[in-house]
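# Commentary on secondary and tertiary structure
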Amino acid sequence: MNLFGFALGNLYRRPARSSLTIAAISLGVASIVALTSIAWGFEASWQRANDARGTDLIVTRLASENAMPSPFLADKLQATLKGYPHVQEVVGLLSEMLSVGDNAPPVFVFGWEYRSYLWQHLRLIDGHLPANDTDADIVLGSLAAELLHKKVGDSVEIEGRQFLIRGIFDSPAVVENGAVVMTLTLAQQITDKPGKVNILNIKLDDHASDSVIDDFKTRVRETLPGYLAITSGELVRKNAVVRISKAMSNATTLIASLVGALVVFNTMLMSINERTREIGLLLALGWQRQTIVKLIVSESVVLSLAGGLAGILIGIAIAGGLEHVELMRGKIEAVFSMPFLIAILGLSVVLGVAGGLYPALKAARMLPSQALRQE
Amino acid sequence: MVRIENVALHFDDGKTTALNGISATVEEGEFVAIVGPSGCGKSSLLNVIGTLERPTTGEVYFRCQPYSNIADASLFRRQHFGFIFQSFHLIPTLSALDNVVVATIGCPGPAREHTQRARQLLAQLGLRDRIDHFPRTMSGGERQRVAIARALINNPDLILADEPTGSLDSVSTEQVLGVISEIRQQRGISIVVVTHDPEVSGRADRVVSMRDGKIEPGKEYRQ
Ligand SMILES: Nc1ncnc2c1ncn2[C@@H]1O[C@H](COP(=O)(O)OP(=O)(O)OP(=O)(O)O)[C@@H](O)[C@H]1O
Ligand SMILES: [Mg+2]
């Protein structure tokens, strides 16, 4: 038996208390894992949609911080931007969350300029892209098709208008997979925003370097008051939904960590109080105070690490479950990276040390003779 | 080996006096019994000798080293003292073997060697087939022998025993005393034992009587 074996034995001695502590920590860690993975998933998913589209820069209204920037009239601005150096295409995009059909949850509806480069990254699984700008034809992401129980040739009603599903596609980004895509003209008609777009997507030619992008941004800032040119990554980080979800995940992390540390603290404090005589004995046997600290902190770290491991599994399960809830399907996507999971385990260790340190120091400071006298 | 000079020990800001100016010595290899009425300060004296309690005034020397100069009392205890208590103080969740090994945690050297030594000691004390038993399944005499093995595992110079037979019947007392005599013969360890039991004090080289935190003059006798 070594120090660690002794620590494990001490935890095993109170199976109910140890399990309850582990359960409490695991719930806290699970909520951190689920919310954080989804918050990151939001960002990653929107970023991937923009990357897949091949968009280099996005021009929006300056003040926009909504989930989607607020719409503006695009005509004149579009013509101006087309004149900038290295610009290949300037494409309007309108997007809205709309109910499709009667009982289905709302989905993203994207309006993309007909025949623009935006359509090129979609991989059609079935059917075709819309044949012209004005026929009431749409394509569905594969997830949206599944959610709405629709196939090519079916029709759906959006904002009181019947649309024919011409094709079903797959996209690298879950937000697009869960969306309905139509031409910009149709989207402007059904949302009653003629001539308006949320953002202009700029595609530069292959020779455009970072300095071209910087020059473009500067020129927009200096010559087009009220507008802003940013990269898709910057847009995503400015996105209110991304920001709110990140703030929520940060707040959850903070609260759950505090609660976790308090749970460990409480458990270890109870534990050393009922083991006072035993700690006095160990001190009398010549245990160094630092060995006592190591013992108690080992016990608390084992508890928190076990809770952390269980919490990761539960958190992954919760995030997976949320992804499949009808309302969320195709809008969220949890992202788990190895560094993230390692950081969570690191956090668990920190919780264990933070919660166990005071009880450990308290135990180590006991006077052996007093502790041995304790009933 | 141990020299106690004018030691006083007060508790509760001086309201309680446990030791009231005691001077005494313990020679190398000596077996000293301390007797006296309840509350006279016997345990306190033992604790002071064992560095479990710091004297309020006075000084104690171990082989000429003053206690006030000891930097690490834990280390000092581990190197020089073995403790035995009336209530055994075994850890209920550990086997006999682990109750002995626990005293070596944090000691230098491989754990396997410590475990090996603990086995040998338990076997020497007649507990070969009790090694994996837990305290609750052992008799009082067996438990106290486990505690003696624990006190011996780090090769102490001095055993400090506080009423070691106080919880034992006469048969177990006989066993434990036998074991203690054997250890003395084999190892030449010094022993200071606090006891009410004439069986125990009868085996000591010297018996010291205490009263009211002091040694009773003229009542000390050698055997
Ligand atoms: N930690 C302490 N705090 C306060 N008072 C104490 C403490 N330890 C001992 N005392 C007091 O000091 C006095 C001597 O106690 P001690 O335990 O040394 O007596 P004892 O001779 O061992 O008695 P017994 O035979 O009952 O074990 C008693 O009055 C006791 O109440
Ligand atoms: Mg006593």
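Residues numbered from 1 in each chain as written. Chains lettered and ligands numbered in written order. Predicted model: local features only at pLDDT ≥ 70, side-chain atom pairs only at ≥ 80, totals over all residues. Heavy atoms only, no water.

### A few points about the confidence of the model for chain B
Regions with low pLDDT carry predicted coordinates that are not meant to be interpreted in detail. Residue and element names in this part refer to chain B. Condition: The pLDDT value expresses, per residue, how confident the predictor is, ranging between 0 and 100. Secondary structure counts use DSSP, requiring at least four H or I residues in a row for a helix and at least two E residues in a row for a strand, with both numbered from the N terminus.
The predicted model of chain B averages 94 in pLDDT, with 100% of residues at 70 or higher. The secondary-structure element of chain B with the lowest mean pLDDT is strand E11 (residues 221-222), recorded at 74, while helix H3 (residues 96-101) shows the highest, at 97. Note on the complex model: pTM 0.84, ipTM 0.95.

### Digging into the site of ligand 1
Which entries qualify depends on this criterion: Residues are counted as near a molecule or strand when any one of their heavy atoms sits within 4 Å of it. Polar contacts here mean pairs of N or O atoms no more than 3.5 Å apart (in protein, one a potential hydrogen donor and the other a potential acceptor; neighbouring residues in sequence count only if both atoms are side-chain atoms). For every accessible area listed, the method is Shrake-Rupley and the probe measures 1.4 Å; residues are considered covered only by the protein chains on display. Of the two site types, the cavity is a set of points on a 1 Å grid over the protein atoms alone where a 1.4 Å probe fits but cannot get out, and the pocket is an open set with protein on both sides within 12 Å along at least five of seven lines, each lined by residues with an atom within 4 Å of a point. Just a note on the criterion: a molecule sits in a pocket or cavity if more than half of its atoms are within 2 Å of the grid points. When residue character is reported, Ala, Val, Leu, Ile, Met, Phe, Trp, Tyr, Cys and Pro are called nonpolar, Asp, Glu, Lys and Arg charged, and the others, Gly included, polar.
Every one of the 15 residues lining ligand 1 counts as a neighbour, but A:Arg373, B:Ser38, B:Lys42, B:Ser43 and B:Ser44 are closest to it. The site occupied by ligand 1 is bordered by residues of chains A and B. Within the side chain of A:Gln370, a nitrogen or oxygen atom sits 3.0 Å from a nitrogen atom of ligand 1. A distance of 3.3 Å separates an oxygen atom of ligand 1 from a polar backbone atom of B:Cys40. For ligand 1, whose accessible area on its own is 630 Å², the fraction buried by protein is 75%. Its atoms largely coinciding with the cavity grid, ligand 1 occupies the largest pocket. Those elements that place two or more of their residues in the shell around ligand 1 are helix H13 (368-373) of chain A together with strand E2 (16-26) and helix H1 (42-49) of chain B. In terms of residue count, the dominant contributor to the shell around ligand 1 is H1(B) (three residues). Partitioned by chemical class, the residues of the shell around ligand 1 number three nonpolar, eight polar and four charged.

### Re the packing of aromatic side chains
Selection rule: Aromatic pairing here means that ring centres of Phe, Tyr or Trp (its six-membered ring) are within 6.5 Å. Orientation follows from the plane angle: under 30 degrees is stacked, over 60 is edge-to-face, and everything else is tilted. Partly exposed residues are those whose accessible area sits between 20% and 50% of the maximum for their type, while under 20% is buried and over 50% is exposed, using a 1.4 Å probe and protein chains only. Lysine NZ or arginine CZ positioned within 6 Å of the ring centre and within 35 degrees of the ring normal marks a charge as sitting over the ring.
Under the criterion given, the structure shown has 13 aromatic pairs over all chains. Plain terms: the ring middles of A:Phe6 and A:Trp287 are 5.9 Å apart, the flat faces sit at 75° to each other, and that makes the pair edge-to-face. Separated by 281 residues along the polypeptide, A:Phe6 in helix H1 (residues 3-12) and A:Trp287 in the loop between helix H10 (276-284) and helix H11 (289-323) bring together distant segments of the chain. By relative accessible area, A:Trp287 is classed as buried at 0%. Ring centres 6.2 Å apart and planes at 10° place the aromatic pair B:Phe83 and B:Phe85 in the stacked group. Like B:Phe83, the residue B:Phe85 is buried in the burial classification. Put simply, the rings of A:Phe108, A:Phe110, A:Trp112 and A:Trp119 touch in pairs and so form one group of aromatic residues. Residue placement shows A:Lys203 over the ring face of A:Tyr117; its charged tip is 5.4 Å from the ring centre.

### Points about the side chain of B:Glu163
Note the threshold: Residues count as neighbours in contact if any of their non-hydrogen atoms are within 4.5 Å of one another.
Inspection of the secondary structure assignment puts B:Glu163 in the loop between strand E7 (158-162) and helix H6 (170-187). Apart from residues no more than four positions distant in its own chain, B:Glu163 is found in contact with B:Lys42, B:Phe85, B:Gln86, B:Val194, B:Thr195 and B:His196.

### What about the interface of chain A and chain B?
Selection criterion: Each of two parts loses accessible area, computed with a 1.4 Å probe, when they are put together; buried area is these two losses added. The salt bridge criterion pairs a side-chain nitrogen of Lys or Arg with a carboxyl oxygen of Asp or Glu, the two atoms within 4 Å.
Tallying the contact residues gives 20 residues for chain A and 22 residues for chain B. Carbon and sulfur atoms supply 63% of the area buried between chain A and chain B, which totals about 2,000 Å² over both sides. If you sort the residues of chain A by the area they bury against chain B, A:Met1, A:Leu281 and A:Leu285 come out on top, with a joint share of 32%. Applying the counting criterion to the chain A and chain B interface returns zero salt bridges. Here chain A is connected to chain B by six residue pairs in polar contact (both at pLDDT 80 or more). Of all the elements in the fold, those that place two or more residues in the side of chain A that touches chain B are H1, H10, H11 and H13 of chain A.

### Concerning helix H5 (residues 140-152) of chain B
Helical geometry: 3.6 residues make up each α-helical turn, so side chains three or four residues apart lie on a common side. Defined as follows: In a helix, the anticipated span is given by 1.5 Å times the number of residues less one.
With 13 residues, H5(B) ought to run about 18 Å at 1.5 Å a step, and its terminal C-alpha atoms sit 18 Å apart, in line with that. Across the 13 residues of H5(B), 11 count as buried, placing the element largely inside the fold. Taken as a whole, H5(B) has its buried residues at B:Gly141, B:Glu142, B:Gln144, B:Arg145, B:Val146, B:Ala147, B:Ile148, B:Ala149, B:Arg150, B:Ala151 and B:Leu152. For H5(B), the secondary structure elements touched by its buried residues are H10 of chain A together with strand E6 (81-85), H3, helix H4 (111-124), E7 and H6 of chain B.

### A closer look at the domain arrangement of chain A
All names here are of chain A. Definition in use: Marked domain ranges trace back to an automatic or database domain assignment.
In terms of domain boundaries, chain A breaks down into domain 1 (3-45 + 242-372) and domain 2 (57-230). Computed over C-alpha atoms, the centres of domain 1 and domain 2 are 45 Å apart. Contacts between the two partners involve nine residues from domain 1 and, on the opposite side, 13 residues from domain 2. Taken together, the two surfaces of domain 1 and domain 2 that pack against each other cover about 940 Å², and 57% of this comes from carbon and sulfur. A per-residue breakdown of the area domain 1 buries against domain 2 is headed by Arg329, Gly330 and Lys331, which together make up 55% of the total. Scanning the region where domain 1 abuts domain 2 turns up zero salt bridges. If you look at where domain 1 meets domain 2, you find one residue pair in polar contact (both at pLDDT 80 or more).

### Observations regarding the packing of H11(A) against helix H12 (residues 338-364) of chain A
Residues and elements named next belong to chain A. This is how it is decided: An axis is simply a line fitted to the C-alpha atoms; with a helix, the fit covers only the stretch in contact. Between two such axes, the angle follows the N-to-C directions and lies from 0 to 180 degrees. It is the rotation of the near helix from the far one that decides the hand of a crossing: anticlockwise by less than a right angle makes it left-handed, clockwise makes it right-handed.
Look at H11 against H12: their axes get within 7 Å of each other, and the N-to-C directions meet at 145°. Considering the relative orientation of H11 and H12, their crossing is right-handed. Its residues assigned to classes, the contact of H11 with H12 shows 20 nonpolar, six polar and one charged.

### Concerning the sheet that holds strand E5 (residues 65-66) of chain B
Residue and element names in this part refer to chain B. Inclusion rule: Each pair of strands is called paired provided DSSP finds at least two bridges between the two strands.
The four strands lie next to each other as E2-E1-E4-E5, forming an open sheet whose pairing is antiparallel. Of all the strands in the sheet, just E2 and E5 have a single pairing partner and so form its edges. With eight bridges joining them, strand E1 (residues 2-11) and E2 adopt antiparallel strand pairing. Bridge assignment links arginine 3 to a residue of E2, and that residue is threonine 25.

### Considerations on the environment of B:Ala151
Residue and element names in this part refer to chain B. Structurally, alanine 151 can be placed in helix H5. Sequence separation of alanine 151 and alanine 204 is 53 residues, and the distance between their C-alpha atoms is 19 Å. What alanine 151 contacts, discounting residues up to four positions off in sequence, is Gly82, Phe83, Ile84, Pro156 and Ile159.

### Quick word on the pattern of salt bridges
Pairing between side chains of opposite charge can happen when the charged atoms of each approach one another. Residue and element names in this part refer to chain A. Inspection of every chain in the model, using the stated rule, returns 21 salt bridges over all chains. One salt bridge connects arginine 166 with aspartate 137, and the closest N-O pair in it is separated by 3.8 Å. Pair noted here: arginine 166 is in strand E8 (residues 161-170) and aspartate 137 is in strand E6 (residues 137-141), with a separation of 29 residues, a long-range link. Owing to a relative accessible area of 24%, arginine 166 belongs among the partly exposed residues under this scheme. A relative accessible area of 9% means that aspartate 137 is categorised as buried. For the salt bridge of arginine 275 with glutamate 299, the shortest nitrogen-to-oxygen distance reads 2.6 Å. Highlighted residues: arginine 275 in the loop between helix H9 (240-274) and H10 and glutamate 299 in helix H11, separated in sequence by 24 residues. With relative accessibility at 5%, the residue arginine 275 sits in the buried group. Under the relative-accessibility criterion, glutamate 299 is labelled buried at 1%.

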